[in-house]
Amino acid sequence: MLRPAELILVLQLSNLERNEKRRASRTIRSKGQMKIITTTELSKPQKNTIIYLWNREYPVQLNLTTETFEEYLLASGNHLHYLMLDDAAEIIGWACTFDRDDDKWFSILINSLYHGLGLGKMMLHQLKENETRLNGWVIDHGNDLKKNGERYESPMTFYLKNDFHICPDDRFDNGKMSAVKIFWEGLK
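To keep things clear, this report deals only with the structure shown in the data block. (Residues numbered from 1 in each chain as written. Predicted model: local features only at pLDDT ≥ 70, side-chain atom pairs only at ≥ 80, totals over all residues. Heavy atoms only, no water.)

## Section: the overall build of the chain
For step 1, the next point in the chain: If you tally the helices and strands in the chain, you get 5 helices and 7 strands.
For step 2, the next point in the chain: The N-to-C order of helical and strand elements in the chain reads α-β-α-α-β-β-β-α-β-α-β-β.
For step 3, the next point in the chain: Within the chain, the fraction of its 188 residues that count as buried is 40%.
For step 4, the next point in the chain: Within the structure as shown, the chain displays about 10,900 Å² of accessible surface, and the carbon and sulfur contribution to it stands at 53%. (Helix = DSSP H or I, 4+ residues; strand = E, 2+ residues; numbered from the N terminus. Buried < 20%, exposed > 50% of the residue type's maximum accessible area, 1.4 Å probe, protein only. Areas by Shrake-Rupley, 256 points an atom, 1.4 Å probe, with all protein chains shown as cover.)

Take a look at the structure:
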């Protein structure tokens, strides 16, 4: 049996999901109104939205708090954030390019309510417009679960379709995440 405070939280979360689905269906009908903006600094509300999306889309063991997101950003430099906004100016996707180990790396996430619409490809295209090389870590298995209990689907096929290459001998495994390095190289 849920206590009153727990019930209120459940109702608030289900209302949030319902509002997101409504917004997603509006956006699907008006895909042309998507906008990507760039910034070197994120506001607190932008960070909170990104953390919410991160915790919703990535495996549960990678969930972030405000503090761990700050640590994640501080571990690298020269950030350029890409915010994908829907027609209501709500963040539905985030990407970031950054410097690490004398190379350019990236992170990207798109709200799963918007998957299959070409928005991830649109976001990657923006990153590729500004960079000649991109590196990333990609979970290449289906063993992890998301916060909602659904299986996390590896985005590897997506990256391969978008001209990324796998470095099979370069793996990252810290007990929380097991991933393989990918890279894309454009014309110089």
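Right, picking up where we left off after that structure.
## A look at the packing of aromatic side chains
For step 1, the next point in the chain: Scanning the entire structure with this criterion turns up 13 aromatic pairs.
For step 2, the next point in the chain: Between the aromatic rings of tryptophan 105 and tryptophan 137, the centroid separation amounts to 5.5 Å while the plane-to-plane angle is 35°, which identifies the pairing as tilted. Of this pair, tryptophan 105 sits in strand β4 (residues 103-110) while tryptophan 137 is found in strand β5 (residues 133-138), placing the two residues 32 residues apart along the sequence.
For step 3, the next point in the chain: Relative to phenylalanine 172, the ring of tryptophan 137 lies with its centre 5.6 Å away and its plane at 40°, an arrangement referred to as tilted. Highlighted residues: tryptophan 137 in strand β5 and phenylalanine 172 in strand β6 (residues 165-173), separated in sequence by 35 residues.
For step 4, the next point in the chain: Taken together through their ring pairs, the aromatic side chains of Trp54, Tyr58, Phe69, Tyr72, Trp94, Phe98 and Tyr152 make up a single cluster.
For step 5, the next point in the chain: It is arginine 100 that lies over the ring of tryptophan 105; its NZ or CZ is 5.1 Å from the centre. (Phe/Tyr/Trp six-rings, centres within 6.5 Å; stacked < 30°, edge-to-face > 60°. Lys NZ or Arg CZ within 6 Å of the ring centre and 35° of its normal.)

## Observations concerning unusual backbone geometry
For step 1, the next point in the chain: Even without being a glycine, asparagine 78 presents a positive backbone phi close to 55°.
For step 2, the next point in the chain: If you trace the backbone, asparagine 78 turns up in strand β2 (residues 77-85).
For step 3, the next point in the chain: The exposed category is assigned to asparagine 78, whose relative accessible area is 53%.
For step 4, the next point in the chain: The residue alanine 89 is not glycine, and still its phi comes out positive at about 65°.

## Quick look at the environment of glutamine 61
For step 1, the next point in the chain: Within the fold, glutamine 61 resides in the loop between α2 (44-57) and α3 (66-74).
For step 2, the next point in the chain: A C-alpha to C-alpha distance of 8.3 Å links glutamine 61 and lysine 146, two positions 85 residues apart in sequence.
For step 3, the next point in the chain: When neighbours within four sequence positions are excluded, glutamine 61 is seen to be in contact with Asp144, Leu145 and Lys176. (Contact = heavy atoms within 4.5 Å.)

## Focus: the side chain of serine 107
For step 1, the next point in the chain: Summarising the element assignment, serine 107 is placed in strand β4.
For step 2, the next point in the chain: Polar side-chain contacts of serine 107 include one of 2.2 Å to the side chain of tyrosine 72.
For step 3, the next point in the chain: Excluding residues that lie within four positions of it along the chain, serine 107 makes contacts with Tyr72, Trp94, Ala95, Cys96 and Phe98. (Polar contact = N/O pair within 3.5 Å; in protein donor to acceptor, adjacent residues only side chain to side chain.)

## Points about helix α4 (residues 119-130)
For step 1, the next point in the chain: For α4, built from 12 residues, the straight-helix expectation of 16 Å at 1.5 Å per residue is met to within 8% by its first-to-last C-alpha distance of 17 Å.
For step 2, the next point in the chain: All of the buried residues in α4 are Leu119, Gly120, Met123, Leu124, Leu127 and Lys128. (Expected span 1.5 Å × (residues − 1).)

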